[in-house]
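In case you want the letters, here they are:
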Amino acid sequence: MSLLSAPLRESPVWLRGGTLAAQDDFAPTLLARMDQASSGGRIAMVSDRVDEVKLVMADNIELLLHRGDKLDEVDEKARQMSVMARAFQRRARDAKRFQLWQQAKFGLAVGTAVTVGVAVIVLPPVLAVAL
């Protein structure tokens, strides 16, 4: 109450008046202080709301940074897998070529053996008839 009445303490009505003598002079000061207090309450509510938004934004930024780190990790793993896939593809192609050559050699060997076998069986009777 003493802070509210500070502006009126110098007035003659305050100094010489009775208990309610300064009430008319005090009413505007009291209304101004009440408005100030209620606006301070609004400011406090807005300030609390701003603090809440700051916390939410800080959490969001932290989540974004964490997400960025995870994306970097996934990108690095994808790069490594791409390198491994190229190496696998190269080795698979080499293995396929090796197997193809093996089959070609085996086919050549079997074909030669069959040709020689047929020649051994067919040529003697053909040559005997021709002579």
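This report concerns the structure included in the present document.

Reading guide: rules and limits
- Residues numbered from 1 in each chain as written.
- Predicted model: local features only at pLDDT ≥ 70, side-chain atom pairs only at ≥ 80, totals over all residues.
- Heavy atoms only, no water.
- Helix = DSSP H or I, 4+ residues; strand = E, 2+ residues; numbered from the N terminus.
- Areas by Shrake-Rupley, 256 points an atom, 1.4 Å probe, with all protein chains shown as cover.
- Salt bridge = Lys/Arg side-chain N within 4 Å of Asp/Glu carboxyl O.
- Buried < 20%, exposed > 50% of the residue type's maximum accessible area, 1.4 Å probe, protein only.
- Patch = residues over 30% accessible without salt bridge, like charges linked within 9 Å, V, L, I, M, F, W, Y side chains within 5 Å.
- Lys, Arg positive; Asp, Glu negative; His and termini not counted.
- Charge placed at Lys NZ, Arg CZ, Asp CG, Glu CD.

**Notes on the overall build of the chain**
Link 1 in the chain: The number of helices and strands found in the chain is two helices and zero strands.
Link 2 in the chain: Total accessible area computed for the chain in this model is approximately 11700 Å², and 67% of it derives from carbon and sulfur atoms.

**A closer look at the pattern of salt bridges**
Link 1 in the chain: In the structure shown here, the tally under the stated rule is two salt bridges.
Link 2 in the chain: Close ionic contact of Arg49 with Glu52 constitutes a salt bridge, the shortest N to O distance being 3.1 Å. Of this pair, Arg49 and Glu52 both sit in helix H2 (residues 23-130), separated by three residues, roughly a single helical turn.
Link 3 in the chain: Taking the relative accessible area as the measure of exposure, Glu52 reaches 43% and is therefore partly exposed.
Link 4 in the chain: Among the salt bridges present, the one from Arg79 reaches Glu76, with a minimum N-O distance of 2.6 Å. Of the two residues, Arg79 and Glu76 both sit in helix H2, three residues apart, roughly one turn of that helix.

**Focus on a positive patch on the surface**
Link 1 in the chain: Judged by side-chain charge, Arg86, Arg90, Arg91, Arg93 and Arg97 come together as a positively charged surface patch.
Link 2 in the chain: As for its position among the elements, Arg93 is in helix H2.

**Remarks on a negative patch on the surface**
Link 1 in the chain: Taken together, Asp59, Glu62, Asp69, Asp72, Glu73 and Asp75 make up a surface patch of like negative charges.
Link 2 in the chain: Among the secondary structure elements, Asp75 is positioned in helix H2.

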